[in-house]
Amino acid sequence: MRFGLVMGEAASGLRRNISMVISVILVTFISLTFVGAAILLQLQIVQMKGYWYDRAQVAVFLCTAAESNGNCSAQEATPEQKAAVEAQLKSPDLAPYIEKYEFEDHALAYKNFMAFSGDSAYASFVKPEMLNESFRVNLKDPDNADVLIENLSSFAGVQEVKDQRKYLDQIFDILNAASYTAIGLAVLMLIAAVLLIATTIRLSAFSRRRELGIMRLVGASNRFIQTPFILEGVFAALIGSVLAGGAIVAIVQFFVRGYLVEALPGATSLIGLGDALLVVPVLIVLGGVLAAASAGFAINRYLKV
Amino acid sequence: MIRFDSVSKLYSSNPRPALNNVSLEIVKGEFVFLVGASGSGKSSFLRLVLREEKPSKGDIHVLGQQLTTLSSRKVPYFRRNLGVVFQDFRLLPQKTVFDNVAFTLQVIGKSKGFIQEAVPDVLKMVGLAGKTARFPHELSGGEQQRVAIARAIVNKPAILLADEPTGNLDPATSQGIMTLLERINLGGTTVVMATHDAGIVDSMKRRVIELIGGQIVRDERQGGYQTQSMPIQTFGLAGSGDAQ
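Topic: the environment of Leu128(B)
Residue and element names in this part refer to chain B.
Working step 1: With respect to the helices, strands and loops of the structure, Leu 128 is situated in the loop between helix H4 (112-125) and helix H5 (141-153).
Working step 2: Exposure remark for Leu 128: the 22 C-beta atoms within 10 Å place this residue in the buried category.
Working step 3: Put simply, Leu 128 and Thr 69 are 59 residues apart on the chain and 40 Å apart in space, counted from C-alpha to C-alpha.
Working step 4: Among all residues touching Leu 128, those that are not within four sequence positions of it are Val 97, Leu 123, Glu 143, Arg 146, Val 147 and Ala 150.

This is the structure we're talking about:
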């Protein structure tokens, strides 16, 4: 009975304020979509880091007959030079940093190359001896790559020491910047949404001030008076949040899974629908809580006994 | 029932107090007229009883509650024991007579069954039995005020506060309203009525409390609108009130 009355009051408030309610829905929809996109970008970064950092190694490329940069002089690295590098890897200077290392000779390098881009146009021109032999070093802590780079770069027969994470960091920087931009926009939009909800509720309360006056006079409890207004705000915001959740799922489904996965066949670690479904409840709860808080605040100031 | 102990009320915008050191007691079942010029403090008195305002000084006890210390969370429950009627009726224009009265019961959480029983009863008592489905704008002023009274008493309050309930009505209609208020009073409800209507006060012969400038200058059993004793005594009383 009372529940029905409260719902009825909320529904009539929504009907009376329909244009404001629609604007609340749209603003929460857009702001929460930005929030969701930011969360997805962060998830993507974490996922890529997890995937690639485990595989990222420091590669000590040795000279081939074709190379003349670095310490190379167009001569294949001699076995002595290789042994010197390997000895250095085992020395007490470097050993504490290193988890394991392995040697990749021409044959293995060729095999890996063919596996990854064997079907590309230039694959047929590549010969095993054109590919660098290398020591592939896994570090205990990938952040210590510089120690290895400094230590080994000057060795004879070493063309270059490369931290593979450097390639990834650029990508992460771009993704991070994008997600911070999304968060910034989301915060601005959320502020607008909160203020809009507060204004809508105050407007709704104003249009019902006669009822409110009588309710207070005859002793309706504050909670009873407030609840319809809070429900009104929460309801509008929830519609916006659900729309935002739908948008996030659609983005992942059609853009990431449908387009990016096709366009970037090498990118093995893109987020999936599971991640999107994880974000949806976060958006809905966030929308609901923000709306309840701002509506409650607005109506409370209106109702001061 | 209602007790004021040296109550003063100051509004921040006005250096003159709306009520100045008022002490009085109204007991159960009394019918009290509150008279005085506009701005003499009648409405402030009613607002204080309703706990719409807190006094600046002094204590107010209503129905065994000490209003100065009553927490605002409990105020709604306190108000359920009071009924209020205003000069401008304050009905909800989009609700029927029945719904206007039922609304008060709904918002304090009464059951549907109780409402179905209590509302027709009270509408019959105020003489509107045949007009339950009308809207306020279809009723005369007197009938609208009867709806407002029905709304105020449907929850059987111990006290009925009336702020110039006949202020918008012609004398004949006013008389009908007063008869109704008298009947309610006979049922045991304490009635406190602020009014400017000299004819009503004189003919009813009830307790009269007169306020001037926020002070009680007269408190007579069976008084009239103007003091029945020599007018000069009014000034004498006012003077002694200042001296206290």
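More follows now that the structure is in view.
Notes on the sheet that holds strand S9 (residues 207-212) of chain B
All names here are of chain B.
Working step 1: Read across the open sheet, the 6 strands follow the order S6-S7-S8-S3-S9-S10; overall the sheet is mixed. Pairing within the sheet leaves two strands with one partner each, and these edge strands are strand S6 (82-86) and strand S10 (215-220). Put simply, the sheet's adjacent strands are angled 15° from each other on average, direction ignored.
Working step 2: In terms of strand pairing, strand S3 (residues 31-35) meets strand S8 (residues 190-194) through 4 bridges, oriented parallel. Bridge pairing in S8 places Phe 31 opposite Val 191.
Working step 3: Running at roughly 165° to S6, H5 makes contact with S6 and strand S7 (159-163) of the sheet.

As for the domain arrangement of chain A
Working step 1: If you check the domain split of chain A, you get domain 1 (2-53 + 168-302) and domain 2 (57-163).
Working step 2: Of note, the centres of domain 1 of chain A and domain 2 of chain A, computed from C-alpha atoms alone, are 51 Å apart.

Conventions used here
- Residues numbered from 1 in each chain as written.
- Chains lettered and ligands numbered in written order.
- Predicted model: local features only at pLDDT ≥ 70, side-chain atom pairs only at ≥ 80, totals over all residues.
- Helix = DSSP H or I, 4+ residues; strand = E, 2+ residues; numbered from the N terminus.
- Buried ≥ 20, exposed ≤ 12 C-beta atoms within 10 Å, placed from the backbone.
- Contact = placed C-beta atoms within 7 Å.
- Pairing = 2+ DSSP bridges.
- Axes fitted to C-alpha atoms, helices over the stretch in contact; angles between N-to-C directions.
- Domains from an automatic or database assignment.

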